[in-house]
Amino acid sequence: MLFSDRSQQSHLSLVSASDGGLTRITDDSQLIKASSDDFAPFQRRFRGYDPVLSYRESGGANFKSAPGESEEACDRRHANIANYQLKTVTSRPSKALVGKCFPNTVCKPENLSNDRKLSQSKRTANIVSFVDEMDPTSRSVRRVLSSAEPNKNTQSRQVSQSYSEASRPNSTISSRSFSTMSYSWSGHSSLTCTSSGTGAAETSGRQCCTGSEPRPAASRDSAQTQRKSPCTASDRPSSPQSSVDSCSEDLSNLRSGRKSAASRLKKDKGCLAGLNSYLSNRKKKAQKEHRRKERKKLIKMKPHRGDIFVKIRSYVRNLVWGLPLGDPTAASHLGTSGTYRAFGTGPQSMADAMSASGRTTTPPPNGPGERALYNKAEYAGRKAVVCSPRRAAAVLVLVFLAVLAIALVAAFARPACLPSTGVVGPTTVAPPVATRPTTADGEPFPWDSLRLPPAVLPRRYELLLQPNLTTFAVVGRVKIQITVTQETSFIVLHSRNMTITKRELHTSDDSVNVSITRLLLYPERDQVYLSVNESLQLGQNYTLSFEFNYTLREALEGFYLSHYTAANGSKRYLATTQFEPNAARAAFPCFDEPQLKATFQLAMVRHESHTALFNTPRRSTADLDFYLGAGIKQDDFFETVRMSTYLVAFIVSDYAHISDTTDGNVLVSVWAPPHLVQQGQFAAQVAVSVLDFYTDYFGLPYQLPKLDLVAIPDFAAGAMENWGLCTFRLTSLLYEPSSGGSAIQQWVTRVVAHELAHQWFGNLVTMEWWNDLWLNEGFATLMEFIGAGHARPEYHMGQQFMLEATLTALALDSLRDSHPISVEVTDPDQIESIFDTISYSKGAAVLYMLMKELGQPVFKAGLNKYLRRHSLGSARTADLWAAVQEAAAEAETPPAGDGPPDVQAMMDSWTRQKSYPLISVVLSAGRLTVRQAPFTQLPAVGARQSDAPLWHVPLSCRLHRRAGLLAVRLNGTASVTVSAPRQSAWYYCNVNKTGVYRVTYPADNWAALQQLLLAGSSHLSVQDRAAIIDDAFSLNRADLLNASVPLRLSTSLSREAGLAPWAVSRRHLDWWLQLLYDQPTHAPLQHFVRRLIAPQYGQLGWSEQGSHVVRRLRALVLAWAVSVRLPEAVARARTLFSDWRNAGLPVPPDLRQLVYSTGVEYGDTGDWQFVWQRYLNATTPTEKNSLLRALGASTDPLILEHFLRISLAGELVRSQDFVLVVESTAANQAARLRLWRFVRLNWHKILDKFGGGTFMIDNIIQELVSRFSTQLELEEVRAFFDGKDLRSASRSLRQALESIQLNIRWRGSHQAAAAAWLEDWSRREAAGAAPPTARHWPN
Ligand SMILES: [Zn+2]
């Protein structure tokens, strides 16, 4: 909302700016549509910036210097914009305001900014800042609007103002001046001003009314007079001279009777006269004098000593004037009568007081310092002087406003104009100050550790829950059987966001009731401390009971609420759980650490229309109609095996299910909303197949008699492996062949295989603590490819593992701000932050490397030992290595090389160190020399060569004219040299990309490898071809290889038919296209890519034929062709969209995303609306996702703004899907900056919405921020996030900042080389080089 004092003098107009609509309030109280002229004053103030856009887009404290702009100018400009922004954020649309404030109602400050979340002082401050802005005649104006009773006749109101500076250069006003005026809305009624001030030079009181030229600086005496001079609006047109004449005439009439008044008026040379005003003023003065006398009488009646009020007044006075605290009764020394004198706000008032007390004094000099000295000397002997309560209050208000102003300046001005240091590096954050934990009531919390004390271990939970899906209330009871392992007098366990209504502690046979003397809560760590009146005895068992209640919320963790829309359009609720890593404590009090395993038994009370699910099958159902009302049932479930709290799950819903049975007689069911349940058929088939495969692979049966897979509409992650009750996003479990493409089918297969692998790795054997999380997730990620490959051999999961796991991990782990796979976890946020690519993908990649090094049989044997040894228990990473080492030693056929490696040493080098090595291989004179050095894309800060980490590297090389592979090992050494053939035209290492590192060669071997690629040599597998291209691009990004090398290698694409090389090339070349978006090199590069694509584009066509890999390749090549504007591809996609929209012809599933996005990108508002309506009406989850992603492809700024806004609102787009919106919009070059502005302006909303979810904030930062490529953007990002608490996402931010630095460096260092090579390539192509032709390579 904007406010505009357009006349600058006597009336106030309002301009609202809500939803882009601008309304102005005219002088005659009409609301009209605002024109651009209304904003002219603002445009001047913003120096050419559009004011409305400026305050909207500046996004807070990230405003920065424009090129060539001084810091001071930036400060000023930012302060202006910050004020606008503040008002915008805190104001509501104007209608409510106008209704309250205009024109016949009292206009209070709180009405002007009616955000109830703001304090009164802040609202007032907002108004102050707004008025500051609106008065262009002042350089630094402070006005405080205050309310007053409206004058029905004149529609006037009181406005108090304090001026700090007048508009004219030759006029100044003391910052401590005051004036009061009656202020008219319409400008035609009388306007009076009274002012009081003490500055060295002041302007006339009339100026505030008339805006006429102020008088030159006058003496203090005249200023004193002016403070009390009246002025009227009727005087406004009159000149100063005519005003003086009028005054003189009035004075002459008065002089005879009222000499003193006449004298004052005479001094008031510049001000307007007017008898009425004068008399009115006198009347007020008389009233004031009367009140003063009354007060004096009152004080006289009370004893002075001990009067607290008087003491306070005296104290305040002393604070303000620098006098020592004194005895209030000492004020009696001021006058013979012993009465109090009320001081004014300035020294003159004090002088008056002194004079009245019969003492002669000299007027104090100007300036607060001198004034204080003067007063102290004069009044020290009297010890105290008092001022009136009103003045004391005024002083307090002033002090408060000053503090508020300083706080605002500190909060908004400082971060905005930080000078650029040019130094790149992570933002350093001061470590938190260690404090002793305290409860919410401030009481010391006796237990000071994130981990629970080991004195008590849980053995069995007996849980009763009664969720109400109408009121969303949950009541529950839990009985925890515990064993005491150390004698103790207290118990600590976890609980979050619930009310504990009852707690009891008994011996296990209920014979003795142990009294709980205290229950303390420490919310920061979700800990509950119970102290007991007698020590719990070692080895004894006890039962700890709690009764509790809470409310189901749509929180995505704990026991939370979700909903879906049924086929008949009705809204259906379900209650479900997500406990990993630490939210079981939000569902029931428990010992919520992974190694504290116990058994669980559940009784769930539900309505008969619902079904309850638990980790185990249902044992019985009882009717509770008699006790709880009609239709209420209670399901009792079998007790679980021993397991961790984070794996417990329960769901209450009205879902339907389909079932199948494995060879091991395990009942596998897929649960989903009834109208979607048939889409679970594919997942059920995969689950049955994979469960049997894993039983064989791990050598241990699945431990439970059933496995439920449940589709949850609101779900933060992709899926969760709760033992026997896995939960999934709808799109990770449900697959409809008619609408889902090959990529979606593969995704569902992988996710199911991943969660099923966890049933052994994670559920059966659990990590002792979260720092070994990678063992769970890395292993499950590896097994998801192996399991999916078993269920669907046609997927060729080998090359996809390299793409999705190894290369993804290598890209992230080369950043300076990466972390080791195995990390210490010392606070809850760290637990969340390690669920990342390093734990999942790098964890899987290093396990795969070990598996390839040892051979799969040995690896499997090691896993089997590990699982059997730690079954139903917990383990550490070292336990796995020990088991695998034993298996390697027992193996009949030792793996290739010099015998089995030292598994612990080898894997420690990969799991305990971040990053990975760059392997340099040189073949010379029959010697192959291999060296290793850490690979980071930016040089490590302060690293010394001697401190460089070393890895145990298994390396396999293929050399020209050498049969078989050459195995080389670097066992923690920097280099090794081995014999090799003397004549070798080429050599290539890290065959099939099984090692988690990159390889580089001398230039002649890079050229030889390019020839090998172009020649279609069968010596290189599809993984090898992809790895060579990926290494070359990555080395170039790390500034270690010229840009011409990866470009030359990319030309092999014109003859490439493998999915992995295409995927790798697109990933890198698309990145280059983004970096060069606004550069001259963009067009030649785009042309180059079009030429690479053309042969394969022609061969693949638009029909849905071929194997799974061919279909995936087609989707990739066609999408790339459209994105680089291959004309025939764009035309075909638009035709398909048009046929779909106009004729209802369905789009082939694999091409839907592409066709929908192209239709929106090249279409108009009608096309966008059509897709939006389809999205709202779609029932198939995968189809809904495709449509939602397509909506972000629009290039219309208004549509994008609208789309982002409704997506964040969360009513039409689920909260979990907002990240899809961010992904698709961030990938849209035309929308990226708008998205950035949107995220900044709505950061608090986004944080409120996703603050607890790692994946959401991480993805938003990674998808959006890491794409920037200029210094300006880097500084904007830094300034915006400076001081913001991102919790677990802070590492993602640091990584994103590092990516921006890499982008900037690449543009500066390699753009020219790329441009030169492309120019040369174009020249050769134009010279008649034969167009490349497609050919199939072996996969
Ligand atoms: Zn997992």
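Rules behind the numbers
- Residues numbered from 1 in each chain as written.
- Predicted model: local features only at pLDDT ≥ 70, side-chain atom pairs only at ≥ 80, totals over all residues.
- Heavy atoms only, no water.
- Helix = DSSP H or I, 4+ residues; strand = E, 2+ residues; numbered from the N terminus.
- Buried < 20%, exposed > 50% of the residue type's maximum accessible area, 1.4 Å probe, protein only.
- Contact = heavy atoms within 4.5 Å.
- Areas by Shrake-Rupley, 256 points an atom, 1.4 Å probe, with all protein chains shown as cover.
- Salt bridge = Lys/Arg side-chain N within 4 Å of Asp/Glu carboxyl O.
- Donors = N, O, S within 2.8 Å, 3.2 Å for Na, K, Ca; no water.
- Disulfide = S-S within 2.5 Å.
- Pairing = 2+ DSSP bridges.
- Axes fitted to C-alpha atoms, helices over the stretch in contact; angles between N-to-C directions.
- Core = buried A, V, L, I, M, F, W, Y, C linked by side-chain atoms within 4.5 Å.
- Phe/Tyr/Trp six-rings, centres within 6.5 Å; stacked < 30°, edge-to-face > 60°.
- pLDDT = per-residue confidence, 0-100.
- Expected span 1.5 Å × (residues − 1).
- Patch = residues over 30% accessible without salt bridge, like charges linked within 9 Å, V, L, I, M, F, W, Y side chains within 5 Å.
- Lys, Arg positive; Asp, Glu negative; His and termini not counted.
- Charge placed at Lys NZ, Arg CZ, Asp CG, Glu CD.
- Left-handed = near helix turned anticlockwise from the far one by under 90°.
- Nonpolar A, V, L, I, M, F, W, Y, C, P; charged D, E, K, R; others polar.

## Re the overall build of the chain
1) Next: Looking only at helices and strands, the chain has 44 helices and 37 strands in total.
2) Next: Out of the 1339 residues belonging to the chain, those deemed buried represent 56%.
3) Next: Taking as baseline every contact in the chain between residues at least 6 positions apart, the subset at least 24 positions apart corresponds to 69%.
4) Next: Accessible surface for the chain amounts to roughly 55,100 Å². Of this, 52% is attributable to carbon and sulfur atoms.

## Regarding the pattern of salt bridges
1) Next: Applying the stated rule across the entire model yields 44 salt bridges.
2) Next: Salt-bridge contacts for E557 lead to R496; the nearest nitrogen and oxygen are separated by 3.2 Å. Here R496 lies in the loop between β11 (488–494) and β12 (499–507) and E557 lies in the loop between β16 (541–551) and β17 (558–565), a separation of 61 residues in the sequence.
3) Next: What makes R496 buried here is its relative accessible area of 13%.
4) Next: Taking the shortest distance from any N to any O, the salt bridge between E1325 and R1091 comes out at 2.2 Å.

## As for the coordination of the zinc ion
1) Next: On the protein side, the zinc ion has H754 (NE2), H758 (NE2) and E777 (OE) as donor atoms, found 2.0 to 2.1 Å from it.
2) Next: Coordination of the zinc ion draws on donor residues from a single chain, spaced H-x3-H-x18-E in sequence. Of this pair, H758 sits in helix α19 (residues 742–758) while E777 sits in helix α20 (residues 773–791), placing them 19 residues apart in sequence.
3) Next: Here H758 falls in the buried class, since its relative accessible area comes to 0%.

## Focus on the state of the cysteines
Chemically, a disulfide is nothing more than a covalent bond linking the sulfur atoms of two cysteines.
1) Next: One pass over the structure, following the stated rule, counts one disulfide.
2) Next: The side chain of C957 participates in a disulfide bridge whose partner is C989; the two sulfur atoms lie 2.1 Å from each other. Residues C957 and C989 are joined through a disulfide that is right-handed, its torsion about the S-S bond being 105°. Highlighted residues: C957 in strand β33 (residues 952–959) and C989 in strand β36 (residues 987–989), separated in sequence by 32 residues.
3) Next: C989 sits in the buried class, given a relative accessible area of 1%.

## Looking at the sheet that holds β33
1) Next: Pairing within the open sheet is antiparallel, and its three strands lie in the order β34-β33-β36. In this open sheet, the two edge strands, each paired with only one partner strand, are β34 (966–971) and β36. Pairs of neighbouring strands in the sheet enclose a mean axial angle of 25°, with direction left out of account.
2) Next: Pairing geometry for β33 and β36, over three bridges, is antiparallel. Bridge pairing links L959 to Y987 in β36.

## Concerning the nonpolar core
1) Next: Counting residues in each nonpolar core, the largest one holds 316 residues, and the members touching the most others are F588 and F650.
2) Next: If you tally residues by element for this core, the top one is helix α17 (residues 681–698), at 12 residues.

## Here's the deal with the packing of aromatic side chains
1) Next: For the coordinates displayed, the defined rule picks out 54 aromatic pairs.
2) Next: Ring geometry for Y702 and W760: centres 6.2 Å apart, planes at 55°, overall tilted. Residue Y702 is found in the loop between α17 and β26 (706–712), and its partner W760 is found in the loop between α19 and β29 (765–767); the two are separated by 58 residues along the sequence. The two residues Y702 and W760 agree in class, both being buried.
3) Next: A ring pair is formed by W1168 and W1172, whose centres lie 5.7 Å apart and whose planes are at 15°; its orientation type is stacked.

## Here we look at the sheet that holds β11
1) Next: A sheet is described by the order of its strands in space; here three strands give the open sequence β11-β15-β14, paired in antiparallel fashion. Bordering the open sheet on either side are β11 and β14 (516–522), each of which pairs with just one other strand. Geometrically, the sheet is characterised by an average inter-axis angle of 20° between neighbouring strands, direction not taken into account.
2) Next: Where β11 meets strand β15 (residues 527–536), six bridges bridge the pair, whose relative direction is antiparallel. Along β15, the bridge assignment pairs V492 with Y529.

## Comments concerning the confidence of the model for the chain
Atom-level detail of predicted coordinates should not be read off regions where pLDDT is low.
1) Next: Of all residues in the chain, 67% have pLDDT values of 70 or greater, and the mean over the chain is 75.
2) Next: The model gives residues 316–386 a pLDDT under 50, and that stretch makes 120 contacts with residues more than four places away or in other chains.
3) Next: Within the model, pLDDT remains below 50 along residues 1333–1339, and this stretch shows 28 contacts once partners closer than five positions in the same chain are excluded.

## Some details on helix α33 (residues 1127–1143)
1) Next: Here α33 spans 23 Å end to end across 17 residues, near enough to the 24 Å set by a 1.5 Å rise per residue.
2) Next: Taken from the residues just after α33, G1144 is the one with a positive phi, measuring 75°.

## What to know about a positive patch on the surface
1) Next: A surface patch of positive charge is lined by K285, K288, R291 and R390.
2) Next: The biggest single contributor to the positive patch is helix α11 (residues 275–301), with three residues.
3) Next: By the secondary structure assignment, K285 is in helix α11.
4) Next: The exposure class of K285 is partly exposed, given its relative accessible area of 44%.

## Here's the deal with helix α38 (residues 1218–1227)
1) Next: Burial within α38 is extensive, with nine of its 10 residues counted as buried.
2) Next: Buried within α38 we find F1218, V1219, L1220, V1221, V1222, E1223, S1224, T1225 and A1226.

## Quick notes on the packing of α33 against helix α35 (residues 1165–1177)
1) Next: α35 packs onto α33 with a crossing angle of 65° between their chain directions and a minimal axis gap of 12 Å. In this structure, the crossing between α33 and α35 has a hand that is left-handed. Taking contact as the criterion, the partners of F1137, W1140 and R1141 in α33 are, on α35, G1166, D1167, F1170, V1171 and R1174.
2) Next: Within the contact of α33 with α35, the residues separate by chemical class into four nonpolar, one polar and three charged.

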